[in-house]
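The primary structure of each chain is shown beneath.
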Amino acid sequence: MAHATVEPAAPPPQTKPPSGVAGVVALGTAVAVLVAGGLTALTNARPVTSLGLPDPGTMTTVGLPAVRAATEVGMVLTIGALLLAAFLVAPQRGGYLDVAGYRALRAASWSAAGWTAGAILMVPLSVADALGRPVGDVLDPGLLLDLVPRLSDASAWSLTALVAIVVLAGCRTVLTWGWSAVLFGMALLGPLPVALTGHSAGGGAHDLASDSLVLHVLAASLWVGGLVAVIGVATMRGPDRSAALATAVPRFSRLALVCWLVLAATGVVNALVRIPFNALVGSGYGALVFAKAAALILLGALGAAHRRSSVGPASRGETRALLRLGGVEVLLMLGTIGLAVALGRSAPPDTGAVPSRTEAVIGYDLAGPPTFGRLALDWRFDLVFGTAAIVLALTYLLGVHRLRRRGDAWGAGRTAAWLVGCAALLVATSSGIGRFAPAMFSVHMGQHMILGMLVPILLVLGAPVTLALRALPPSGRAGPPGPREWLLAAVHSPVARWLTHPLVALALFVGSYYVLYFSGLFPAALPEHWAHKLMNLHFLLVGAIFFWPIVGVDPAPRRLPPAARMGLVFASVPFHAFFGLAVMSANTALGGDYYRGLALPWVPDPLVDQHLGGGLAWAAGEVPLLLVVIALLIQWSRQDERSARRDDRRADADGGADLEAYNAMLRRLATAGAPLVAESDENDYGRGHTKEVVPNPSDEPAGSSAAADLPITADQGSSRTTVDSAEPPKNG
């Protein structure tokens, strides 16, 4: 993170959002609340009645979607304001936020306050809805403390409220760019607990439904909140307005296009995995889906009009078209939020399909035991990690193409390592390995070893940071910081330096295995789809942190000597071996109740399958050692070659002056005589000193040179002669 080196600028007098933006946001929030509550009342959507629970009353049934719509509006506004402060406007050179960033941070504090209040209200409303009782009956604090941990929706809103409180406190205390980026990352965690519960978390294909909904909600938050924040910049006054618009408008325009594409793709996936297309026609649920699709198409048309008529002028300070189109777009976006809330309260039409036990737990059926053919060919695409693998590969190839187009070289070995790593990530999460991993411990452990060891080694050998630093254009002294500067700040941040400390990296790499599998976390995480995603992400990140300073080519906060790198790898091998042996020799199956509940006919005893997984973990510990040793040997040989070439270039540049001086010193040392030490008892030089004896030139034979045979004196610690040369004798 950027550190502040100068005093912060004086806070601007205006810390609330401009009145024009506040009016549009207030009107849009009212529209969202009315749409969410009104559609819920009109469609008579009461999900609890289908479970045989009593009706909780109109206040809970209609008030819950209304409060949720207002809460989600506050959430997206907070995310958008923090996005503007962190990445859409430039900070001061010392690391403090500039005027536009400071105003965005204060606007985020106001919206975060609304987000916090709404999330707190959603907790008792969720409890009342789940129990089928009026909300007034569940407001007892003791009852809430007892029931909230047992109900997934109430627990999710409790976590969201906690995130909102932390973000609110941070918006009121921080002033630097680095901490605003941290708050932005924390705010992105807010939508996740709620997005991973509800319709998407249960029933068939809930893995695809949950993944698509998470991506959908994050893209919508960035798009809606970012647009409101940019309009806020357009309505503010001051000398910094033009510079802020010149940076914020083009950056947000590119981001908005990506968000719209993600919204369109994930919306289609989320709708189709819940209900077939032919079942949408003629149902209330289908009518809401078509209405939301129409709103998304209309928003895409407005976005195209923005790029054609308002982005260019707004970047130059002419904001009339931006404000006119942006106001309409914000109202439509906030109304769509209310429509999405009403859609979430509506149950999909019953198609008559009854999911199997396996499909209800992991989201899909398994055709049979994990044969080699099924592991290789029975694919189920992972929307999160599969998409990440493809995007990372294409982005890397784009960077290589940019380098080669301008005549710069890039090693083919690095490209091959990166692409193979992306392919391994895709195979581990989307092939039959990823399909069987949630259902069998042995396949899960194989996936764990690929994601935690093989993929990180290949990715760090691809030198992605070096490629990005060479391919991305620098912003220059006068320009605002861009992706290149953000990447440098992240690499040299205190967090990166702490994580790459050898002891910390080793503890994270090997210690997380024992904490996860031997502490009760693993059995608790098995039934949850989001926990599987979190475990995969953890394996990837911890492996990358461990292998980055060891074999990574990229600049790291800590550069370890070769011996320390090799020692760190050898230190991890016994821990891996002991972990594998502990899993193999265990007498109790880890997550045995979960695996027995799946009742897979080819896994009659989960303990036997666990022993196989422990054997895979024990054998896989040798793979990183072999790969790292090979990589280090290649890197050391290339380092020697580079050093030799560097010395040759230096010799060519100075004509071999260093080598000639070294040879001259050797010749002088070889031809010089031994020092003459005084042996007379009558000398006055003291112990350990050498007496200088200068011969008489008249005693030298003809043709000789007295200066050539002068003895070396005590002052000759180097190759220089310090005595005065005598006058050469005359011949004859």
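## Description of the overall build of the protein chain
(1) Moving on: Scanning the protein chain from N- to C-terminus turns up 30 helices and 0 strands.
(2) Moving on: For the protein chain, the proportion of its 732 residues judged to be buried stands at 45%.
(3) Moving on: Residue pairs in contact within the protein chain that sit at least 24 positions apart in sequence constitute 78% of those at least 6 positions apart.
(4) Moving on: For the protein chain, the exposed area adds up to about 35400 Å²; of that, 66% sits on carbon and sulfur atoms.

## Looking at the packing of aromatic side chains
How two aromatic rings sit relative to each other is set out by the distance from centre to centre and by the angle between their planes.
(1) Moving on: Summed over the entire model, instances satisfying the criterion amount to 18 aromatic pairs.
(2) Moving on: Seen in terms of ring centroids, Tyr396 and Trp410 are 6.5 Å apart; in terms of plane orientation they differ by 65 degrees. Their pairing is edge-to-face. Linking Tyr396 in helix H16 (residues 385-405) with Trp410 in the loop between H16 and helix H17 (412-430), this pair joins segments that are 14 residues apart in sequence.
(3) Moving on: Ring centres 6.2 Å apart and planes at 80 degrees place the aromatic pair Phe441 and Tyr517 in the edge-to-face group.

## Considering the nonpolar core
(1) Moving on: Counting 77 residues, the largest nonpolar core has Tyr517 and Phe522 as its most contacted members.
(2) Moving on: Listed in part, the 66 residues of the second largest apolar core include Leu77, Leu83, Val228 and Leu245.

## Considerations on the packing of helix H9 (residues 241-274) against helix H11 (residues 284-309)
(1) Moving on: At a minimum axis distance of 11 Å, the contact between H9 and H11 shows a crossing angle of 165 degrees. Classified by the angle between their axes, H9 and H11 sit roughly antiparallel to one another. When you trace H9 past H11, the crossing you get is left-handed. On H11, the residues touching Ser253, Leu257, Trp260, Leu263, Ala264, Ala271 and Arg274 of H9 are Tyr285, Val289, Leu296, Leu299, Gly300 and Arg307.
(2) Moving on: Tallied by class, residues from the contact of H9 with H11 come to 9 nonpolar, 2 polar and 2 charged.

Scoring rules and cut-offs
- Per-chain numbering applies: the sequence of each chain, read as written, is numbered from 1 onward.
- Only residues with pLDDT of at least 70 get local features here, since the model is predicted, and only at 80 or more are side-chain atom pairs given and counted; chain-wide, interface and lining totals rely on the full set of residues.
- For side-chain calculations, the full set of non-hydrogen atoms in the structure is used, while hydrogens and water are omitted.
- Note on conventions: DSSP H or I runs of at least 4 residues are helices, E runs of at least 2 residues are strands, and numbering of each starts at the N terminus.
- Each residue is placed in one exposure class: buried if its accessible area under a 1.4 Å probe, protein chains only, is under 20% of its type's maximum, exposed if it is over 50%, and partly exposed if it falls in between.
- Contacts between residues were defined by any pair of non-hydrogen atoms, one from each residue, lying within 4.5 Å.
- Where accessible areas are quoted, they stem from the Shrake-Rupley method and a 1.4 Å probe; at the residue level, only the protein chains shown are allowed to cover.
- Think of it this way: a Phe, Tyr or Trp ring, Trp meaning its six-membered ring, pairs with another when their centres are within 6.5 Å, and the plane angle makes it stacked under 30 degrees, edge-to-face over 60, tilted otherwise.
- Residues belong to one nonpolar core when they are buried, are Ala, Val, Leu, Ile, Met, Phe, Trp, Tyr or Cys, and are joined through side-chain atoms within 4.5 Å.
- Axes here refer to lines fitted to C-alpha atoms; in helices the fit is confined to the stretch in contact. Angles between the N-to-C directions go from 0 to 180 degrees.
- For this classification, under 35 degrees means roughly parallel, over 145 means roughly antiparallel, 65 to 115 means roughly perpendicular, and everything else is oblique.
- Left-handed describes a crossing whose near helix is turned anticlockwise from the far helix by less than a right angle; the clockwise case is right-handed.
- Residues were grouped as follows: Ala, Val, Leu, Ile, Met, Phe, Trp, Tyr, Cys and Pro as nonpolar; Asp, Glu, Lys and Arg as charged; and all remaining residues, including Gly, as polar.

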